[in-house]
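# Architecture at a glance
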Amino acid sequence: IRKTLVLETPAGDEVFTIRKRMVSIRDTMEIERDGESVATVAKALLTPLRDRFSIDVADGGDMEARGDIVEHEYSIERAGTKVAQVSKSWFRMRDTYGIEIVEAEDDALILAVAVCIDQMAHDVQ
């Protein structure tokens, strides 16, 4: 059985479907829109010193997430430029964190990427 999540608008319209790949060398999740792959998020095989995830975007513009993933203190970058910052330190409530996304980015895609990373980080614990 594959783990499947659905990201919806407040009105209930489906934006993305997120599926965990069951057979892969490294922990991987697929982000789909209308049955088509939009991005693949994968945990790096070797991560000395920090956690790292690669985000392969179907239409180009691949990204990378680096930092302390388990503690929700990491950034998402494209070609060395930060496109989003995830931080738990902005909030005092338990299990709450914020995501700051630069204006020109696809907010829903960045949120879907953060959901994938969160799921994979908690699967290991």
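Heads up: these notes are all about the structure in this document. (Residues numbered from 1 in each chain as written. Predicted model: local features only at pLDDT ≥ 70, side-chain atom pairs only at ≥ 80, totals over all residues. Heavy atoms only, no water.)

## Digging into the environment of Gly35
As for its position among the elements, Gly35 is in the loop between strand S3 (28-33) and strand S4 (36-43). For Gly35, a relative accessible area of 59% gives the class exposed. With 19 residues separating them along the chain, Gly35 and Phe16 place their C-alpha atoms 9.1 Å apart. (Helix = DSSP H or I, 4+ residues; strand = E, 2+ residues; numbered from the N terminus. Buried < 20%, exposed > 50% of the residue type's maximum accessible area, 1.4 Å probe, protein only.)

## Some remarks on the environment of Val38
Among the structural elements, Val38 can be located in strand S4. Separated by 21 residues in sequence, Val38 and Thr17 place their C-alpha atoms 9.8 Å apart. Beyond its immediate stretch of four places on either side in the chain, Val38 contacts Phe16, Ile31, Glu32, Arg33, Asp56, Val57, Ala58 and Leu109. (Contact = heavy atoms within 4.5 Å.)

## A look at the pattern of salt bridges
In a structure, side chains of opposite charge can pair up when their charged atoms sit close to one another. The final tally for this structure, using the stated rule, is six salt bridges. A salt bridge links Arg78 to Glu105; the shortest N-O distance between them is 2.6 Å. Of this pair, Arg78 sits in strand S7 (residues 73-78) while Glu105 sits in the loop between strand S9 (98-101) and helix H1 (107-124), and the two are 27 residues apart along the sequence. Overall, the relative accessible area of 18% leaves Glu105 in the buried class. Linked by salt bridges that have partners in common, Arg52, Glu64, Arg66 and Glu77 make up one network. (Salt bridge = Lys/Arg side-chain N within 4 Å of Asp/Glu carboxyl O.)

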